[in-house]
Amino acid sequence: MSFMKEVVVDCRGHLLGRLCSIIAKEILNGQKVVCVRSEDINMSGSLYRAKLKYANFRRKHTNSNPSHGPFHQRAPSKILWRTVRGMVPHKTPRGAAALDRLKCFEGMPHPYDRKKRMVIPQALKVLRLRPERRFCKLGDLSKEFGWKHQDLIK
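Residues numbered from 1 in each chain as written. Predicted model: local features only at pLDDT ≥ 70, side-chain atom pairs only at ≥ 80, totals over all residues. Heavy atoms only, no water.

### Let's talk about the side chain of Glu39
Consideration 1: Looking at the element boundaries, Glu39 is found in the loop between β2 (33-36) and β3 (42-44).
Consideration 2: One buried charged residue, Glu39, remains without a salt bridge, the closest side chain of opposite sign being Arg37 at 5.9 Å.
Consideration 3: Sequence-distant contacts of Glu39, defined by excluding residues within four places in its chain, comprise Pro76, Glu106, Gly107, Lys137, Leu138, Gly139, Trp147 and Ile153. (Helix = DSSP H or I, 4+ residues; strand = E, 2+ residues; numbered from the N terminus. Buried < 20%, exposed > 50% of the residue type's maximum accessible area, 1.4 Å probe, protein only. Lys, Arg positive; Asp, Glu negative; His and termini not counted. Salt bridge = Lys/Arg side-chain N within 4 Å of Asp/Glu carboxyl O. Contact = heavy atoms within 4.5 Å.)

Encoded structure:
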């Protein structure tokens, strides 16, 4: 991506990990990135497999006091943000500043619905995943684990 004031990425049809790695690189370089329609991000593998992996992640908590974390967000935008955080050195000032340059949304909120949205070809499912391979949507996974706003977004 060439450097712009703010890049709006339409996440629909992108693969989660590939999209996040590109976004992480951009925000570390100083680019402001806004991700819209995060509920339509694709993940390779079946929904059943994704549910097993997320259930395994949800089992991890602090033994003495689970409310101290780690926190398991249900919303697709928060899952996207957390995935990017895993690819950024978020405990350093540089990484924290980079994460401040990232915004994630479900759907398309007001100021971004009129702006030009980008697609990242290196992360598109149709270009990266073979047609017979299984995939699932992040919104469906979130709904299974307690995200209550899928009907509101559709």
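### Quick look at the pairing of strand β1 (residues 7-10)
Look at any regular strand and the pattern is simple: side chains alternate between the two faces of the sheet.
Consideration 1: Residues Val7 and Val9 point to one face of β1 and Val8 and Asp10 to the other, with burial holding for every one of them.
Consideration 2: Bridging between β1 and β2 involves four bridges; their strand directions are parallel. Within β2, the position partnered with Val8 by the bridge is Val34.
Consideration 3: With helix α1 (residues 16-28) bridging β1 and the parallel β2, this β-α-β connection has right-handed handedness. (Pairing = 2+ DSSP bridges. Right-handed = clockwise from strand over helix to strand, strands pointing away.)

### Here's the deal with the sheet that holds β1
Consideration 1: Overall, parallel pairing links the three strands, which are arranged β1-β2-β4 in an open sheet. Edge positions in the sheet fall to β1 and β4 (102-104), since each has one partner strand and no second. With strand direction ignored, the average angle separating the axes of adjacent strands in the sheet is 20°.
Consideration 2: Alignment of β2 against β4, held across three bridges, turns out to be parallel. Bridge pairing in β4 links Val34 to Lys103.
Consideration 3: Helix-sheet contacts for helix α3 (residues 76-85) involve β2 and β4, and the interaxial angle to β4 is about 150°. (Axes fitted to C-alpha atoms, helices over the stretch in contact; angles between N-to-C directions.)

### Comments concerning the pattern of salt bridges
Consideration 1: Under the counting rule described, the total for this entry stands at six salt bridges.
Consideration 2: Residues Arg37 and Asp10 are paired through a salt bridge, measuring 2.6 Å at the closest nitrogen-oxygen approach. With Arg37 in the loop between β2 and β3 and Asp10 in strand β1, this residue pair connects regions lying 27 residues apart in the sequence.
Consideration 3: Residue classification places Arg37 among the partly exposed residues on the basis of a relative accessible area of 23%.
Consideration 4: Classification of Asp10 as buried rests on a relative accessible area of 11%.
Consideration 5: As a salt-bridge pair, Glu132 and Arg130 come within 2.7 Å of each other at their nearest N and O atoms.
Consideration 6: The class of Glu132 is exposed, set by a relative accessible area of 52%.

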